[in-house]
Amino acid sequence: MFQAKGFEKVVVDGKEFTLSEEIDLIKTNKHTVEVIIDKISCRHKDLKNDVFQANLRSRLNVAVEQSLNLSDGLVTLRVSGKKSLLFSEKFSCPNCNISLPEIEPRMFSFNSPIGACEKCHGIGMIYKVDPSLLLNPNLSINEGGVIPFNRFFFHETWYIRLLKKMAQEEGIDLNTAIKNLTQREINLLLYGTGNVYQVLGKNRFGKTTVIYERFDGLINELERRYFESSNEQVSEIQKYMKEVVCDSCGGKRLKKEVLSITIDGLNIATICNKSVKELKDYYQNQFFQKINPYEKIIAMPIVKEILNRLNFLDSVGLSYLTISRTAKTLSGGEAQRIRLASQIGSGLTGVLYVLDEPSIGLHPKDISALINSLFKLRDLGNTLLVVEHDEETIKAADHLIELGPKAGKDGGRVVFEGDLSAIKKSNCLTGLFLSGKEKIDFEKRP
Ligand SMILES: [Zn+2]
Ligand SMILES: [Zn+2]
């Protein structure tokens, strides 16, 4: 068949043959058959010749295309003296039996089942039974020393019968306090014996029956029940568990296949663990030095979008945050400024924003950056109503309203309304401080 197509040489299970010779193939065995499509040799100086390069390119084109057609999407490249390289058109490797779906954005999200780690479902943490919470060292097994099952010991469930039978056969004394058992005996209890035991008991009709059951240990039993149980039992079992980093994804929340997709050697988890400041520096400077001109054309518009968003976060004073920071670990001020940053990015107009002390917790040098981003929102055609005590922010406002004269039930009336120069001439509290007629006496403050 290959000969008819004009090929001369094949490689069977790594050994080269000419097609005119007889090749012994054992029909019942699996063989790897490769066809040699083209052999190319060239010298270094040939590559500098434009004509040679153009010819080489078209010759390689033909060879690769032919190979893809013959093998349904695979090409092997053998460089003499080096390991051969296998390329696939279909994101799959026949040697490792791995195949990836078409790469698309939602693969990189731990909120999508396509991207999320299958073990922790994209949480990054899993519940595991903590052995130190299972046993009461001062009690024997019969006295209820196996804490999760102590209530059931008097009911004689199938699991308790199995545990007792196991103990009997392995020589574990049910009446010895757990602290006096050997480490081997405790390990058998916790991690199982792997043996099958014959357990006698009565079924629900009162008839004596025999079951054969393997003892996998308390930890496996509880974890199995945890994943199969209803909500009520889950919270009962959770008492014996602690949250640990998922051992499948290492807390990175994504599938291994997704994490193996890298640009400049970095996967999305590594990128997200960098701060806004580090990433700005990376995408502005280092990144473009590492890619070739062709890649640059592809990357340019994407990097522009990334830098846009990083700049939003930077402009509201959040350059120290890592992209992977979870929302629940942010302070109120940080969360508000992130929403602000995303609003600047949205480009909406005609919106009224109400902000409650956006400067709170900010370093003074970041306040002017924050005010600049408030200006940006205003200039897009929005109205911002800002509740604020910060002097710099007050001075930046187009229009000021003071509610007072004092706090709580002694206030609530509009005592001033106007612009900055007007408030400085007024006798309201803010006006007196802004004009310098009143000063905060730090000595007098409690
Ligand atoms: Zn492979
Ligand atoms: Zn995981």
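None of the values given here were measured: they were computed from a predicted structure. (Residues numbered from 1 in each chain as written. Chains lettered and ligands numbered in written order. Predicted model: local features only at pLDDT ≥ 70, side-chain atom pairs only at ≥ 80, totals over all residues. Heavy atoms only, no water.)

## Concerning the domain arrangement of the chain
1) Next: What the domain assignment lists for the chain is domain 1 (9-99), domain 2 (127-245), domain 3 (268-315) and domain 4 (327-434).
2) Next: The distance between the C-alpha centroids of domain 1 and domain 4 comes to 67 Å. (Domains from an automatic or database assignment.)

## Details of the packing of helix α10 (residues 332-346) against helix α11 (residues 364-379)
1) Next: Where α10 meets α11, the closest approach of the two axes is 10 Å, and the angle between their N-to-C directions is 40°. For the element pair α10 / α11, the angle class is oblique. In this structure, α10 meets α11 at a crossing whose hand is left-handed. Counting all contacts with α10, which are made through Arg-337, Leu-340, Gln-343 and Ile-344, the residues of α11 involved are Leu-370, Ser-373, Leu-374, Lys-376 and Leu-377.
2) Next: For the contact of α10 with α11, the residue count by class is five nonpolar, two polar and two charged. (Axes fitted to C-alpha atoms, helices over the stretch in contact; angles between N-to-C directions. Helix = DSSP H or I, 4+ residues; strand = E, 2+ residues; numbered from the N terminus. Parallel < 35°, antiparallel > 145°, perpendicular 65-115°, else oblique. Left-handed = near helix turned anticlockwise from the far one by under 90°. Contact = heavy atoms within 4.5 Å. Nonpolar A, V, L, I, M, F, W, Y, C, P; charged D, E, K, R; others polar.)

## Description of helix α8 (residues 276-289)
1) Next: In this model, α8 (14 residues) spans 20 Å end to end at C-alpha, consistent with the 20 Å of a helix rising 1.5 Å per residue.
2) Next: Helix geometry: α8 is bent most strongly at Tyr-283, by close to 45°.
3) Next: Listing the buried residues of α8 in full gives Val-276, Leu-279, Lys-280, Tyr-282, Tyr-283, Phe-287 and Phe-288.
4) Next: Its buried side turned inward, α8 meets α7 (268-272) and α9 (293-315). (Expected span 1.5 Å × (residues − 1). Bend = angle between axes of the 7 residues up to and from the residue. Buried < 20%, exposed > 50% of the residue type's maximum accessible area, 1.4 Å probe, protein only.)

## Structural notes on the confidence of the model for the chain
Predicted coordinates in regions of low pLDDT should not be interpreted in detail.
1) Next: Of the residues in the chain, 96% reach a pLDDT of 70 or more, and the chain-wide mean stands at 87.
2) Next: Mean pLDDT across the elements of the chain bottoms out in strand β7 (residues 98-99) (77) and peaks in α7 (95). (pLDDT = per-residue confidence, 0-100.)

## As for a nonpolar patch on the surface
1) Next: A surface patch of nonpolar side chains, about 340 Å² in accessible area, is lined by Leu-77, Val-79, Leu-85 and Phe-87.
2) Next: Tracing the chain through its elements places Leu-85 in strand β5 (residues 85-88). (Patch = residues over 30% accessible without salt bridge, like charges linked within 9 Å, V, L, I, M, F, W, Y side chains within 5 Å. Areas by Shrake-Rupley, 256 points an atom, 1.4 Å probe, with all protein chains shown as cover. Salt bridge = Lys/Arg side-chain N within 4 Å of Asp/Glu carboxyl O.)

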